[in-house]
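# Structure assessment
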Amino acid sequence: GLGTSSILSAAVLAAATRAAALTYSAEALVHGVLSVEQSMAVGGGWQDQAGGLFPAFKAISSPKGLPLHVSVAPLTLSPEALTKIEAHLCVVFT
């Protein structure tokens, strides 16, 4: 899938946290969504919410084992590479 359940869970969790006047980091939301999806047994991926919570191009990784520790590293693209990607990118709304 496209990680829709993970991104929706992240949005709901972020809204609930803000409504309760609590502070959080994107990293905390990644792990919070993971907990929510595991408790609901929806089979969400460990990386889906990180793709939606962190901006731009990124590398997402996690070493084997539990508890899960998700790492997100931004990727820097040259202007030439970005131009090539933009020239070949197609967004389709379904």
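This text goes with the structure placed above it.
In this report, we go over the structure that sits alongside the text. (Residues numbered from 1 in each chain as written. Predicted model: local features only at pLDDT ≥ 70, side-chain atom pairs only at ≥ 80, totals over all residues. Heavy atoms only, no water.)

For helix H2 (residues 26-40), with 15 residues, the first-to-last C-alpha span of 21 Å sits near the 21 Å given by 1.5 Å per residue. Those residues of H2 not exposed but buried are Leu-29, Val-30, Val-33, Leu-34 and Glu-37. The arc that holds the buried residues of H2, viewed along the axis, is 140°, so those residues lie on one side. Residues of H2 that are exposed and point more than 90 degrees away from the buried face comprise Gln-38 and Ser-39. Close packing links the buried residues of H2 with helix H1 (4-19) and helix H3 (48-53). Immediately downstream of H2, the backbone of Ala-41 shows phi near 55°, a positive value. (Helix = DSSP H or I, 4+ residues; strand = E, 2+ residues; numbered from the N terminus. Expected span 1.5 Å × (residues − 1). Buried < 20%, exposed > 50% of the residue type's maximum accessible area, 1.4 Å probe, protein only. Arc of directions from axis to C-beta. Contact = heavy atoms within 4.5 Å.)

In this structure, Val-30, Leu-34, Ala-50, Phe-54, Leu-68 and Val-70 together form the largest nonpolar core, which totals six residues. Here Val-70 is in contact with Val-30, His-31, Trp-46, Ala-50, Ile-60, Ser-61 and Ser-62, once residues within four sequence places are set aside. (Core = buried A, V, L, I, M, F, W, Y, C linked by side-chain atoms within 4.5 Å.)

Turning to its location among the elements, Glu-37 is positioned in helix H2. Buried and without a salt bridge, Glu-37 has Lys-58 as its closest oppositely charged side chain, separated by 16 Å. Side-chain polar atoms of Glu-37 contact the side chain of Ser-6, separated by 3.0 Å. (Lys, Arg positive; Asp, Glu negative; His and termini not counted. Salt bridge = Lys/Arg side-chain N within 4 Å of Asp/Glu carboxyl O. Polar contact = N/O pair within 3.5 Å; in protein donor to acceptor, adjacent residues only side chain to side chain.)

The next thing to look at is the environment of Val-12. In this fold, Val-12 is placed in helix H1. For the pair Val-12 and Val-33, spaced 21 residues apart in sequence, the C-alpha separation works out to 9.4 Å.

Its place among the elements puts Ala-16 in helix H1. Sequence-wise, Ala-16 and Ala-41 are 25 residues apart; in three dimensions their C-alpha atoms are separated by 21 Å.

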